[in-house]
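Observations on chain architecture
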Amino acid sequence: MRIRRILTAAATTAAVTLLGLAAAVPAQAAEYSSALKIKGVQYDAPGRDSNKCSGGNTKNEYLTIKNYSKTATVNLKGYKVKDAAGNTFTFKNSHTLQPGDYISLRGGRGTDSDAKNVVYRQNCNFIWNNDKDTIYFYKPGGARADVHAYTKKANDRDSNGYITYHG
């Protein structure tokens, strides 16, 4: 009887382990412990894409980051945003987000403003691909704060170039 219990326990442990591996959560669906998360992305700027610094529309492509904490104020300084190709933007200046506050990280050149909730990448090239991409968001120490992969076909049902995450 003792041998049967040991074999049953071993078989149960093996089955749970296998099920755990089969049910692993994909990276883009994982919930990271971060007050700051990606609220949404305008991955395809309205109109015809033009990355000219003067008269282009890269400023109309943006990523919205929101502080979902009910109590914590968070400074964006040192946080990083990256795409699948490795294009990276690091928040070099202080931008404090109160609980429930958000900021839009826009392409193009402009003046950053806490009052207007905007930071510009100071780069006139588009960062997000119009068909599919992955958005990585990292804390200053390098830990992931959030990540989302998208495809135009699967995630943008109304074809307006905007996808909402974390509502």
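From a predicted model like this one, the values you see are computed outputs, not experimental measurements. (Residues numbered from 1 in each chain as written. Predicted model: local features only at pLDDT ≥ 70, side-chain atom pairs only at ≥ 80, totals over all residues. Heavy atoms only, no water.)

1. Examining the state of the cysteines
- Per the counting criterion, the structure on display carries one disulfide.
- With a sulfur-sulfur separation of 2.1 Å, cysteine 53 is cross-linked through a disulfide to cysteine 124. For the disulfide bridge between cysteine 53 and cysteine 124, the dihedral angle about the S-S bond is near 120 degrees, and by the sign convention the bridge is right-handed. Taken together, the positions of cysteine 53 in the loop between strand S1 (36-42) and strand S2 (62-67) and cysteine 124 in the loop between strand S8 (118-120) and strand S9 (132-138) put the pair 71 residues apart, joining distant regions of the chain.
- With a relative accessible area of 6%, cysteine 124 lands in the buried category. (Disulfide = S-S within 2.5 Å. Helix = DSSP H or I, 4+ residues; strand = E, 2+ residues; numbered from the N terminus. Buried < 20%, exposed > 50% of the residue type's maximum accessible area, 1.4 Å probe, protein only.)

2. Things to note about the nonpolar core
- Of all hydrophobic cores here, the largest spans 24 residues; its most connected members are Leu63, Phe91, Trp128 and Phe137.
- Listed by contribution, the elements that provide at least two residues to this core are S1, S2, strand S7 (102-106), S9 and strand S10 (144-151).
- Beyond its immediate stretch of four places on either side in the chain, phenylalanine 137 contacts Leu36, Lys37, Ile38, Ile65, Leu76, Tyr79, Lys80, Val81, Ala143, Arg144, Ala145 and Asp146. (Core = buried A, V, L, I, M, F, W, Y, C linked by side-chain atoms within 4.5 Å. Contact = heavy atoms within 4.5 Å.)

3. A few points about the packing of aromatic side chains
- For the structure shown, the criterion picks out five aromatic pairs.
- Judged by centre distance (5.2 Å) and plane angle (25 degrees), the rings of tyrosine 79 and phenylalanine 137 are stacked. Within this pair, whereas tyrosine 79 is found in the loop between strand S3 (74-75) and strand S4 (80-83), its partner phenylalanine 137 is found in strand S9, the two being separated by 58 residues in sequence. Comparing tyrosine 79 with phenylalanine 137, the two get one shared label, buried.
- Ring centres of tyrosine 136 and tyrosine 138 lie 6.3 Å apart, and the angle between their planes is 15 degrees; this geometry places the pair in the stacked category. For the pair shown, tyrosine 136 and tyrosine 138 are each scored as buried. (Phe/Tyr/Trp six-rings, centres within 6.5 Å; stacked < 30°, edge-to-face > 60°.)

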